[in-house]
Amino acid sequence: MIACSTCGQENPAGARFCNACGAELAAERTTAREVRKTVTVLFCDLAGYTSRGEQLDPEALRRVQSQYFEDARAALERHGASVEKFIGDAVMAVFGIPQLHEDDALRALRAAVELRDAVSDLGLQARIGVNTGEVVSGSGDALVTGDAVNVAARLEQAAQPGEILLGEQTLRLARDAVEVAAVDAVAAKGKSEPVPAYRLVGVVEGAPAFARRLDSPMVGRDEELAQLRQALARTVRERRCHLFTVLGPAGIGKSRLVAELATSAREALVLSGPCLPYGEGITYWPLIDIFRSASAEAQLDDALAAPTSEETFLAVRRFLESLARERPLVVVFEDIHWAEPTLLDLIDHVADWSRDAPILVACLARPELLDARPAWGGGKVNASTILLEPLPEEECDILVQSLLGTRTLAEDVRRRIVVTAEGNPLFVEQMVAMLGEDGANGDVPVPPTIQALIAARLDRLPADEREVAERASVIGKEFDRTAVAALAPEPLRPAVATCLLGLVRKELIRPHVEEDAFRFANLLIRDAAYEAMSKELRSDLHERFAAWLAELEAVPERDEILGYHLEQAYRYKTELGSLGDAGRELGRRAAERLAHAGRSAYARGDMPAAANLLGRSASLLGDGDPEGLALLPDLGSALFEAGDLARAREVLIEAGDRAREAHDLALGAHAGLRLALLDVHTDQEKSTMAGLHRESERAIEIFEQAEDHAGLAQAWHLTGLGHFWLGRTGPAIEALERAIEQAQRAGAAREEVESLQWLPIMLIFAPVPAQDAMARCRQIIESGGGGMSVEAFALIGLGTHTAMHGSIDEGRELVARGRTALQELGLRVSLGGTSIAAGMLELIGNDAAAAERVLREGHDLLEEMGETGYLASVTAILAEAVYRQGRYDEAERHALSVRDTVASDDLDPQARWRGVAAKVLAQRGELESAKSLAREAVDLVESTDWLHLRAELHCDLAEVLVLSGAGQEAAHSLEHALALYEEKGDQPDADRVRQRLADLRAQPPTTS
Ligand SMILES: Nc1ncnc2c1ncn2[C@@H]1O[C@H](COP(=O)(O)OP(=O)(O)OP(=O)(O)O)[C@@H](O)[C@H]1O
Ligand SMILES: [Mg+2]
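Rules and cut-offs
Residues numbered from 1 in each chain as written. Chains lettered and ligands numbered in written order. Predicted model: local features only at pLDDT ≥ 70, side-chain atom pairs only at ≥ 80, totals over all residues. Heavy atoms only, no water. Helix = DSSP H or I, 4+ residues; strand = E, 2+ residues; numbered from the N terminus. Buried < 20%, exposed > 50% of the residue type's maximum accessible area, 1.4 Å probe, protein only. Contact = heavy atoms within 4.5 Å. Lys, Arg positive; Asp, Glu negative; His and termini not counted. Charge placed at Lys NZ, Arg CZ, Asp CG, Glu CD. Pairing = 2+ DSSP bridges. Axes fitted to C-alpha atoms, helices over the stretch in contact; angles between N-to-C directions. Core = buried A, V, L, I, M, F, W, Y, C linked by side-chain atoms within 4.5 Å. Near = heavy atom within 4 Å. Polar contact = N/O pair within 3.5 Å; in protein donor to acceptor, adjacent residues only side chain to side chain. Areas by Shrake-Rupley, 256 points an atom, 1.4 Å probe, with all protein chains shown as cover. Nonpolar A, V, L, I, M, F, W, Y, C, P; charged D, E, K, R; others polar. Expected span 1.5 Å × (residues − 1). Arc of directions from axis to C-beta. Parallel < 35°, antiparallel > 145°, perpendicular 65-115°, else oblique. Left-handed = near helix turned anticlockwise from the far one by under 90°. Phe/Tyr/Trp six-rings, centres within 6.5 Å; stacked < 30°, edge-to-face > 60°. Lys NZ or Arg CZ within 6 Å of the ring centre and 35° of its normal. Salt bridge = Lys/Arg side-chain N within 4 Å of Asp/Glu carboxyl O. Patch = residues over 30% accessible without salt bridge, like charges linked within 9 Å, V, L, I, M, F, W, Y side chains within 5 Å.

Considering the overall build of the chain
Thinking step 1. For the chain, the count of helices and strands is 45 helices and 18 strands.
Thinking step 2. With the principal axes as the frame, the chain shows a C-alpha extent of 120 × 70 × 60 Å.
Thinking step 3. Expressed as a percentage of the 1008 residues in the chain, the buried residues total 56%.
Thinking step 4. Contacts in the chain between residues far apart in sequence, at least 24 positions, make up 68% of those at least 6 positions apart.
Thinking step 5. Of the charged side chains in the chain, 106 are positive and 161 negative, and the gap between their average positions amounts to 3 Å.

A short note on the environment of Trp716
Thinking step 1. With respect to the element layout, Trp716 can be found in helix H30 (residues 709–725).
Thinking step 2. Look at Trp716 and you get buried, because its relative accessible area is 14%.
Thinking step 3. Residues in contact with Trp716, not counting those within four places in the same chain, are Ile700, Ala735, Arg738, Ala739 and Gln742.

Comments concerning the sheet that holds strand E12 (residues 269–274)
Thinking step 1. On the basis of which strands lie adjacent, the open sheet formed by 5 strands has the order E12-E13-E14-E11-E15 and parallel pairing. Either end of the sheet is taken by a strand with one partner, and the two such strands are E12 and strand E15 (383–387). Sheet twist, expressed as the average angle between the axes of neighbouring strands with direction ignored, equals 15 degrees.
Thinking step 2. One ladder, built from 6 bridges, connects strand E11 (residues 242–247) with strand E14 (residues 359–365); its direction is parallel.

Focus on the nonpolar core
Thinking step 1. Counting 258 residues, the largest nonpolar core has Leu76 and Trp725 as the members making the most contacts within it.
Thinking step 2. With 11 residues, helix H39 (residues 869–884) is the largest single contributor of residues to this core.
Thinking step 3. Excluding its chain neighbours within four sequence positions, the residues that come into contact with Trp725 are Leu677, Val680, His681, Met689, Leu692, Trp758, Tyr870, Leu907 and Trp946.
Thinking step 4. If you look at the next biggest cluster of nonpolar residues, it comprises 38 residues, including Leu247, Ala296, Ile347 and Cys363.

A few points about the sheet that holds strand E16 (residues 478–480)
Thinking step 1. In spatial order, the strands read E16-E18-E17; together these 3 strands make up an open sheet with antiparallel pairing. Lying at the two open borders of the sheet, with one neighbouring strand each, are E16 and strand E17 (509–511). Adjacent strand axes in the sheet meet at a mean angle of 30 degrees when their direction is disregarded.
Thinking step 2. Here E16 pairs with strand E18 (residues 517–520) via 3 bridges, running antiparallel.

Brief notes about the environment of Ala715
Thinking step 1. Mapped onto the elements, Ala715 comes out in helix H30.
Thinking step 2. Put simply, Ala715 and Gln742 are 27 residues apart on the chain and 10.0 Å apart in space, counted from C-alpha to C-alpha.

Digging into the site of ligand 1
Thinking step 1. Surrounding ligand 1, one finds 21 residues, the nearest of these being Arg213, Val219, Gly251, Lys254 and Glu429.
Thinking step 2. Arg366 places a polar side-chain atom, nitrogen or oxygen, 2.8 Å from an oxygen atom of ligand 1.
Thinking step 3. Between an oxygen atom of ligand 1 and a side-chain N or O atom of Glu429, the distance comes to 2.6 Å.
Thinking step 4. For ligand 1, whose accessible area on its own is 630 Å², the fraction buried by protein is 98%.
Thinking step 5. Residue assignment for the shell around ligand 1 shows that the elements contributing at least two residues are helix H8 (254–264) and helix H16 (425–438).
Thinking step 6. Per-class residue counts for the shell around ligand 1 are 10 nonpolar, 3 polar and 8 charged.

Overview of unusual backbone geometry
Thinking step 1. Residue Pro98 follows Ile97 across a cis peptide bond; omega there is 0 degrees.
Thinking step 2. Residue placement: Pro98 occurs in the loop between strand E5 (90–95) and helix H4 (104–121).
Thinking step 3. In this model, Arg221 sits at a positive phi of 65 degrees, which is unusual for a non-glycine residue.
Thinking step 4. Tracing the backbone through its elements, the reader meets Arg221 in the loop between strand E10 (195–203) and helix H7 (222–238).

A few points about the side chain of Arg658
Thinking step 1. Tracing the backbone through its elements, the reader meets Arg658 in helix H27 (residues 645–661).
Thinking step 2. At 3.2 Å, the side chain of Arg658 forms a polar contact with the backbone oxygen of Asp625.

Comments concerning helix H14 (residues 393–404)
Structural remark: α-helix, 3.6 residues per turn; residues separated by three or four positions point the same way.
Thinking step 1. Along its 12 residues, H14 runs 16 Å from first to last C-alpha, staying within 8% of the 16 Å computed at 1.5 Å per residue.
Thinking step 2. Among all positions of H14, only Cys396, Leu399, Val400, Leu403 and Leu404 are buried. End-on view of H14: buried residues confined to an arc of 130 degrees, all on one side of the axis.
Thinking step 3. Phi for Gly405, located one or two positions after H14, is positive at around 65 degrees.

So, the packing of helix H3 (residues 58–78) against H4
Thinking step 1. Running from N to C, H3 and H4 cross one another at 160 degrees; their axes reach a closest spacing of 9 Å. By the angle between their axes, H3 is roughly antiparallel relative to H4. Where H3 crosses over H4, the handedness of that crossing is right-handed. Between H3 and H4, the residues in contact are Tyr68, Asp71, Ala72, Ala75, Leu76 and Arg78 and Ala111, Glu114, Leu115, Ala118 and Val119, respectively.
Thinking step 2. When the residues that make up the contact of H3 with H4 are grouped by side-chain class, the tally is 8 nonpolar, no polar and 3 charged.

Some points on the packing of aromatic side chains
Thinking step 1. Summed over all chains, the structure comprises 12 aromatic pairs.
Thinking step 2. Ring-pair connections join several aromatic residues into one group, and the members of that group are Phe724, Trp725, Trp758, Phe765 and Trp946.
Thinking step 3. Sitting above the plane of the Tyr530 ring, Arg526 keeps its charged end 4.6 Å from the centroid.
Thinking step 4. Above the ring of Tyr602, the side-chain terminus of Arg750 is found at 5.5 Å from the ring centroid.

A word on the pairing of E10
Thinking step 1. Pairing between strand E8 (residues 164–167) and E10: 3 bridges, direction antiparallel. Bridge pairing in E10 links Leu166 to Tyr198.
Thinking step 2. Where strand E9 (residues 178–186) meets E10, 7 bridges bridge the pair, whose relative direction is antiparallel. Bridge assignment links Val180 to a residue of E10, and that residue is Leu200.

Comments concerning the packing of helix H28 (residues 665–682) against helix H29 (residues 688–706)
Thinking step 1. For the pair H28 and H29, the least separation of the axes is 9 Å and the interaxial angle reads 165 degrees. Taken together, H28 and H29 sit at an angle that is classed as roughly antiparallel. The interaxial crossing formed by H28 with H29 has left-handed handedness. Two secondary-structure elements touch here, H28 through Leu665, Ala666, Ala669, His670, Gly672, Leu673, Ala676, Leu677, Asp679 and Val680 and H29 through Thr688, Met689, Leu692, Glu695, Ser696, Ala699, Ile702 and Phe703.
Thinking step 2. Class assignment for the residues of the contact of H28 with H29 results in 12 nonpolar, 4 polar and 2 charged.

What about the side chain of Asp103?
Thinking step 1. Along the chain, the position of Asp103 falls in the loop between E5 and H4.
Thinking step 2. The residues contacting Asp103, other than those within four sequence positions of it, are Pro277 and Tyr278.

Some thoughts on the pattern of salt bridges
Thinking step 1. What the rule picks out here adds up to 76 salt bridges.
Thinking step 2. One salt bridge in this structure joins Glu260 and Arg256, with 3.3 Å as the shortest N-O distance. On the criterion of helical spacing, the pair formed by Glu260 and Arg256 is a turn pair, its members being 4 residues apart in helix H8.
Thinking step 3. Linking Arg658 and Glu654 is a salt bridge whose minimum nitrogen-to-oxygen distance equals 2.8 Å. Of this pair, Arg658 and Glu654 are both found in helix H27, 4 residues apart, which corresponds to roughly one turn of the helix.
Thinking step 4. Residue Arg658 is classed as buried on the basis of its relative accessible area, which comes to 13%.

Examining a nonpolar patch on the surface
Thinking step 1. Nonpolar side chains collect at one region of the surface, where Leu276, Trp285 and Ile288 lie side by side and expose about 210 Å² of accessible area between them.
Thinking step 2. For Leu276, the location among the structural elements is in the loop between E12 and helix H9 (285–293).

The structure is reproduced here in structure tokens:
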């Protein structure tokens, strides 16, 4: 048997054209292939059949039995099921084979009710289980294979006589048309958890599987509505019929648009009727509703009783004309893509022949209509057709909001809904409804209703188009014709272009800007096409696509893309348990490509990408692989910079352990260095600065022996950081310069970049006058050497010094530009850390409130990542910003939180918290403790070369002294501070200190 891919009709083997619809039947290769589908499975068994067997004569029993089989088959097939087998008295049927329908779950439940009733008419009782899930079909003896089948069987066994039990997914898909009662979960073989089950209480006659919401306010569509109104106005003016067709994919809003017309066009009588997706030759079904609404059932009966369809057409038209003569008439035929050809002929007839009567015939259809009737509406002067486009994003936003009502939703979830729905209001609606079910603010899973809708559409495609869509889905959301052709089987290749056009016409894909390029109209369509393929085929196609790409010249990001496809090919093979040597080789090639792409992402400072690519490569290579091990230190660093501190630690510890086992000293040193740096940022228990120093010294020795220049660059870089944080910017900068030299020698771009990034930051603290530092930063920017991240840090250094030089606004803009770049690069730790420079800048500009804002942002970001090193300094400066706004208690809380958490040798925050806490004490009159704490702060950093911080702490001390009435001593401290600010070239601060000195001198001394 060959199932027709157009209409689903089974045809004898060898047939070339379908017996039912005449479509060309697909060749063997497409019917025999394996596909994955979400289907609904029904099991039915008879209760008490054996005992009945004892009572009845075998002949009578046989009659009952064959009647049962006949009834069962009829009920099931009427609803579009494939009936699988009769074992004893059990029946299994699958809804979705050969053809998926968007309402398969509901069909199964309707069939179940009919089946139960039919069985009970025979004086027997049925037990029925219905369940929905993903299965594989198309090869082997079984119609379908999958867990969903077992679960359906279990549900049937658990059902009481006369009962229908259904699974959760079935319920979800049919929820608005059924009434159920919860029952105990059912234990099923091979399942760790019992399966939730529901008893079917009833199916609501005529209800759709899931309700559309007409209550939410209409958004947009003004133009389309105006077109409809104009058409109506013309029919009234000219007293003639107009055929208005609204085309668009499921859920785009066709019914809603016409409903809007109906509510607003009060002058007209609006009658509408739907076409059904299936039924027994109910050609004129929509007319039943239409005539009933006009209380004209009798007229319809007469019309349908006419001996020929011509006469029926005539009677229907006459009736509609008579109605329209009383009042303008709008007749709506919904979903005419499901209409029988005769109904379409009837509509044509009404449109062509109505006279002297204002009738607007509105037909709503999905684009598939044009497959059956390519010329629909064409050649008529009184016809127009519009295609409903997706709603623009702003309108989707409004729709989400109105559907949410008073509920709130996290911004990223809302975005995801709008992006995924791509302008389809039904998708928006269903996703918002899912939120309600699964608890708001989580992920937004794709609603099963939408999945079913899309999968059913794809399943109805002609075999060639479907195959083309599937091949395209392997490439991605966007793809071009040549790539699809490369993946298509040989005989299909010449037809690829035509198939793509067919898919465009059906609104499944859209032409892209570039010639011969396309994109799926919706990511969900891509996913559905992809998911319909067997994993084996997916694996195969990914591999072939990679091979094809590898042959091309000049593919941007070739390694990354190739790596991805090889990786997918490998993963599916793993999942299928069919790896083999060739499969393992695939994995290795994937890992190689990804590692290569990861290393270049790392070198250009794209840390989120590097973390992702290196991580995937390492996981493909597995634990035992030395090449995988070699990736780990960089992976750890990338994770760290991208803000995943916890995983960075895991990876670096693993790297250290495995390096030790492998006796790889150099690799161990690489891991050790990075872990020591991570400690500075996350572990405030230890004296981390000293640890960093120790680790770098050890590493230098190892790397020198190994002549590992990239390693030496790393080690010198960290030596530099150690010096810097211990207050020795002179030696720190020297060390960085050595690091840069080593990196250049090794051609290690990343190491060079790291050191170049730090230079401008160190300059802020260094005894280098602002003007010179500005020149140095400009030079780094102009040399353009290290790419975007180096420039970002240089901008921050330049901006901070520009502020010191007196141009606060200009400086602020530079810093902001630099930090925006860091954000774009995903360098989250650095983004948090550089709030220090941004906060300092605002304090130099004397805007404590602005300083508080940026520092608070930095504080929250670092805290969220679990970073504690920069956080200590950020919090201490935040304390100062709060203090300057007169909120002393709060300032003290921040200061003391630093005291309680900071590493003992982290000088900057150690000194800063003391400065602020001392001032708060002095404000409270605790003068002695205040003075000693302020002096302690000054002493802590006195031996450093940090001009700016020393100046600040002298100012703190001066403030404490003023509050203690020690004016002269205070003046002395201020003079100190002034000298330091002047040396640094920080003019705004120097000016303020000068002013304070003048004020102080103008006051009469209170004590000596
Ligand atoms: N412009 C709109 N503003 C607000 N809601 C809308 C809009 N368009 C559609 N909707 C809502 O989206 C859902 C789907 O719309 P509708 O039922 O009209 O789609 P359709 O195109 O008729 O789909 P189908 O082909 O499945 O019949 C409905 O609940 C409808 O209320
Ligand atoms: Mg509709």
